[in-house]
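A structural walkthrough
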Number of protein chains: 2
Amino acid sequence: MDKPYVLGLDMGGTNSVLGIVDAKGNVLARTSIKTQQYTDIHDYVKALYDAAMPIVAPMGGLDRFVGIGAGAPNGNYYTGNIEFAPNLPWKGVVPFAQLMSEQFGIPCTITNDANAAAMGEMMYGAARGMKNFIMITLGTGVGSGIVIDGKMVYGHDGFAGELGHTKIDRSEHARLCGCGQKGCLEAYASATGVARSAKEIVSATDEPTVLRELNIDEITSYDVYKAAEAGDMVAKRIFDYTGTLLGQKLADFVAFSAPEAIVLFGGLTKSGHWIMDPVVKALNENVLPIWKNKVKVLFSDLKEADAAVLGASALAWE
Amino acid sequence: MDKPYVLGLDMGGTNSVLGIVDAKGNVLARTSIKTQQYTDIHDYVKALYDAAMPIVAPMGGLDRFVGIGAGAPNGNYYTGNIEFAPNLPWKGVVPFAQLMSEQFGIPCTITNDANAAAMGEMMYGAARGMKNFIMITLGTGVGSGIVIDGKMVYGHDGFAGELGHTKIDRSEHARLCGCGQKGCLEAYASATGVARSAKEIVSATDEPTVLRELNIDEITSYDVYKAAEAGDMVAKRIFDYTGTLLGQKLADFVAFSAPEAIVLFGGLTKSGHWIMDPVVKALNENVLPIWKNKVKVLFSDLKEADAAVLGASALAWE
């Protein structure tokens, strides 16, 4: 039977979104369940199946689906397991791909969420046609997906591409990261990192800034963006600080895999040129002459609601 | 005709060594010329040919050779060109692979010297059988060759793997690197970097050390090694300093490609456990828990005289 569809699953700590995707990257239908509602992984998988059926049936049933691709925190492409994901209700090692393919009766392939986003970008987004690029997701954390020679890099154990946990500060003042280490890129270039920088920079200056009128413990990267747009100099400095640190570190990544482009994705990219300009400047100031002004820095051009589902679905076509 | 041999060329700034290699990685014969003696690249290629003939003829002539593999500073695998190599007599872009195959009448493939060493390590050395590893060459400079999924990483432009020019110090006190940037790994973890550290550390202390009896501008990494072997505490501190910086940076590389092993190669590895111990310690202190004590750090087990020729020759079999 002709199989024109795949299922793409974007598993987040809060919502799990399942979409039906065709070979051209159209998300034809979607449904979702609440991830945290299922403390037993078997219940979760069954709930996904029950939610999927009403949108799968009108397409001709699961026989018309090549398979399922899933992006999940700490999802391991090699083993099909979700391993020790801090923000999911299931502890330890969960054989997720196996449980899914047993429940749905079609193959299931998984990877981590940042790799899924990179796959989506390569097949349908800003990296279409590129064989060498690095995707950096700037959200609650900093994730990454690395594509070399047209292939996702999984490494020896399936965990390659943890660029959010490379170090940008080795001093004693380095920020503590959620992973337990100090000075990780994630502690500075994530949305949370921007909020921490805002708190530090606003506290350290007497300059007038609209950010001072907010509760300093609740400033978000979006507040900083709005302030920058309104001409606030302190807000601009927060983006300069963040973008410079990120750009410096991207220069290290360029020295590793010499990508054609670096694609930025996620909440922080909504800050547009405020974050892009210092990133590009610092990148070009920190690469060897052969790469100066040669490596493109792009924002993802996938709709954020679709990107993760699309990226995950791309796995199922492999 | 049966073609059981390849030629491997290790082009250095001083000597160019050409070897005849069989499929098992035996270097059956070798010859060399002085690189700097030929200011015209055509003369250099002709001199290589003239030097090769006396060892090629007894093997049955060039008809019995699959091709030539060459490792050259700034050699580009994609283009076959040597591009702007600072330590070679030929300026600008030199179409080296093309000139060689025209002169010898067999295909020639080139790459940079560190990539060639990594190829050798994968086919005949410490990384035999590995599909994911990173080779770091610690010599006059710091070079690198990255293998992912069994393939050398060349990147978009052929220049991937310049890990010696990732940054370990972004402060104003960072050392100037030969590339013109400040704070590059190469300025600290090369043999030259160790000599600079020796000078700094010996000057900054009153502690007794045999290194003080040497001309401080001429201390070599070998002097530091001999002193450490003799129990000199300052010499040990120089290796601790160097190894810690290198190990911290290797942790970043692990987060990138999740290699099975990191292979260290070149002059500095002669310092044995003095350099290895702090490298391993700092690496494991700076990786995510999933990689702690999991990533092997190995010294190359190829004979240094053969490694570069072997590695280069490996290219010709592809």
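Basis of the calculations
- Residues numbered from 1 in each chain as written.
- Chains lettered and ligands numbered in written order.
- Predicted model: local features only at pLDDT ≥ 70, side-chain atom pairs only at ≥ 80, totals over all residues.
- Heavy atoms only, no water.
- Helix = DSSP H or I, 4+ residues; strand = E, 2+ residues; numbered from the N terminus.
- Rg over C-alpha atoms; globule rule 2.2 N^0.38 Å.
- Buried < 20%, exposed > 50% of the residue type's maximum accessible area, 1.4 Å probe, protein only.
- Contact = heavy atoms within 4.5 Å.
- Least-squares fit on C-alpha atoms with pLDDT ≥ 70 in both.
- pLDDT = per-residue confidence, 0-100.
- Buried area = accessible area lost by both parts, 1.4 Å probe.
- Salt bridge = Lys/Arg side-chain N within 4 Å of Asp/Glu carboxyl O.
- Polar contact = N/O pair within 3.5 Å; in protein donor to acceptor, adjacent residues only side chain to side chain.
- Axes fitted to C-alpha atoms, helices over the stretch in contact; angles between N-to-C directions.
- Parallel < 35°, antiparallel > 145°, perpendicular 65-115°, else oblique.
- Left-handed = near helix turned anticlockwise from the far one by under 90°.
- Expected span 1.5 Å × (residues − 1).
- Arc of directions from axis to C-beta.
- Phe/Tyr/Trp six-rings, centres within 6.5 Å; stacked < 30°, edge-to-face > 60°.
- Pairing = 2+ DSSP bridges.

With respect to the overall build of chain A
Along chain A, the regular secondary structure elements total nine helices and twelve strands. For 318 residues, the compact-globule formula gives about 20 Å, and the C-alpha radius of gyration of chain A, at 20 Å, lands near that figure. By its C-alpha atoms, chain A is 65 × 45 × 35 Å across when sized along the principal axes. Taking all 318 residues of chain A together, 60% fall into the buried category. Taking contacts inside chain A between residues at least 6 apart in sequence as the whole, the part at least 24 apart equals 62%.

Some details on the relation of the copies chain A and chain B
Once chain A has been moved 0.0 Å along the axis and rotated by 180°, it coincides with chain B to within an RMSD of 0.1 Å. What the rotation and shift describe, once combined, is the action of a two-fold rotation axis. By residue overlap, the copies meet face to face through one surface: 100% of the interface positions of chain A are interface positions in chain B.

Regarding the confidence of the model for chain A
Of all residues in chain A, 99% attain a pLDDT of 70 or more, and the chain-wide mean is 94. Taken together, the chains of this predicted complex give a pTM of 0.93 and an interface ipTM of 0.92.

Side note on the interface of chain A and chain B
Contact residues are listed per partner, giving 38 residues for chain A and 38 residues for chain B. Where chain A abuts chain B, roughly 3,200 Å² becomes buried across the two surfaces, and 59% of that area is made up of carbon and sulfur atoms. In terms of surface lost to chain B, no three residues of chain A exceed His156, Arg170 and Phe256 of chain A, which account for 24% of the buried area on that side. Applying the counting rule to chain A against chain B returns four salt bridges. In this structure, arginine 170 of chain A engages aspartate 252 of chain B in a salt bridge whose closest nitrogen and oxygen atoms are separated by 3.8 Å. In this structure, the connection of chain A to chain B is made through 18 residue pairs in polar contact (both at pLDDT 80 or more).

A few points about the side chain of serine 313 of chain B
You can see serine 313 of chain B is positioned in helix H9 (residues 304–317). In this structure serine 313 of chain B touches Val6, Leu7, Gly8, Val21 and Gly69 of chain B, once residues within four positions along its chain are discounted.

Digging into the packing of helix H5 (residues 191–203) of chain B against helix H7 (residues 233–257) of chain B
The description of two helices packed together rests on the angle between their axes and the distance between the axes. All names here are of chain B. The geometry of H5 relative to H7 is characterised by a closest axis approach of 10 Å and an angle of 125° between their N-to-C directions. Taken together, H5 and H7 sit at an angle that is classed as oblique. Helix-helix and strand crossings are classified by hand; for H5 and H7 the assignment is right-handed. Residues Val194, Ser197, Ala198, Ile201 and Val202 of H5 form the contact with H7, whose participating residues are Val234, Arg237, Ile238, Tyr241 and Thr242.

Quick word on helix H1 (residues 41–56) of chain A
Residue and element names in this part refer to chain A. Over its 16 residues, H1 runs 22 Å from end to end, which matches the ideal 22 Å to within 8%, given 1.5 Å per residue. Three or more residues of H1 are buried, namely Ile41, Tyr44, Val45, Ala47, Leu48, Ala51, Ala52, Ile55 and Val56. With its buried residues spanning 165° around the axis, H1 presents them on a single face. Regarding H1, its N-cap is aspartate 40, as a side-chain oxygen of that residue lies 2.7 Å from the backbone nitrogen of histidine 42 further along.

Comments concerning the packing of aromatic side chains
Residue and element names in this part refer to chain A. By the definition in use, this model includes 21 aromatic pairs over all chains. Centroid distance tyrosine 38 to tyrosine 44: 6.2 Å. Interplanar angle 65°. Geometry classified as edge-to-face. Residue tyrosine 38 shares its accessibility class with tyrosine 44, and that shared class is buried. When the centroid spacing of 6.1 Å and the interplanar angle of 45° are considered together, the rings of tyrosine 44 and phenylalanine 96 count as tilted. Of this pair, tyrosine 44 sits in helix H1 while phenylalanine 96 is found in helix H2 (residues 96–104), placing the two residues 52 residues apart along the sequence. Classification of tyrosine 44 as buried rests on a relative accessible area of 0%.

Describing the pattern of salt bridges
Inspection of every chain in the model, using the stated rule, returns 24 salt bridges over all chains. Measuring nitrogen to oxygen at the nearest pair gives 2.6 Å for the salt bridge that ties lysine 249 of chain B to aspartate 252 of chain A. Note that lysine 249 of chain B is positioned in helix H7 and aspartate 252 of chain A in helix H7 (residues 233–257), a pairing that runs across two chains. Residue class for lysine 249 of chain B comes out buried when judged on its relative accessible area of 2%. Aspartate 50 of chain B serves as the salt-bridge partner of lysine 46 of chain B, at 3.2 Å between the closest nitrogen and oxygen. Taken together, the residues span about one helical turn, with lysine 46 of chain B and aspartate 50 of chain B both in helix H1 (residues 41–56) at a distance of four residues.

A closer look at the sheet that holds strand E2 (residues 15–22) of chain B
Residue and element names in this part refer to chain B. Pairing is mixed in the open sheet, where five strands are placed in the order E3-E2-E1-E4-E7. The open sheet has two free edges, formed respectively by strand E3 (27–34) and strand E7 (108–111), since each of these has just one partner strand. Across the sheet, the mean angle separating the axes of adjacent strands is 20° when strand polarity is ignored. Pairing of strand E1 (residues 5–11) with strand E4 (residues 65–71), which is carried by five bridges, proceeds in the parallel orientation.

Description of the sheet that holds strand E1 (residues 5–11) of chain A
Residues and elements named next belong to chain A. What the five strands build is an open sheet, ordered E3-E2-E1-E4-E7; its pairing is mixed. Of all strands in the sheet, those bounded by a partner on one side alone are strand E3 (27–34) and strand E7 (108–111). Pairwise comparison of adjacent strand axes, ignoring direction, gives a mean angle of 20° for this sheet. Where strand E2 (residues 15–22) meets E3, seven bridges bridge the pair, whose relative direction is antiparallel.

Structural notes on H7 of chain A
All names here are of chain A. For H7, spanning 25 residues, the distance from its first C-alpha to its last is 36 Å, which sits close to the expected 36 Å at 1.5 Å a residue. Taking burial as the measure, the 25 residues of H7 include 19 buried ones, the bulk of the element. Residue aspartate 232 occupies the N-cap position of H7, its side-chain oxygen lying 3.1 Å from the main-chain nitrogen of valine 234. Within two residues after H7, alanine 258 carries a phi angle of roughly 45°, on the positive side.

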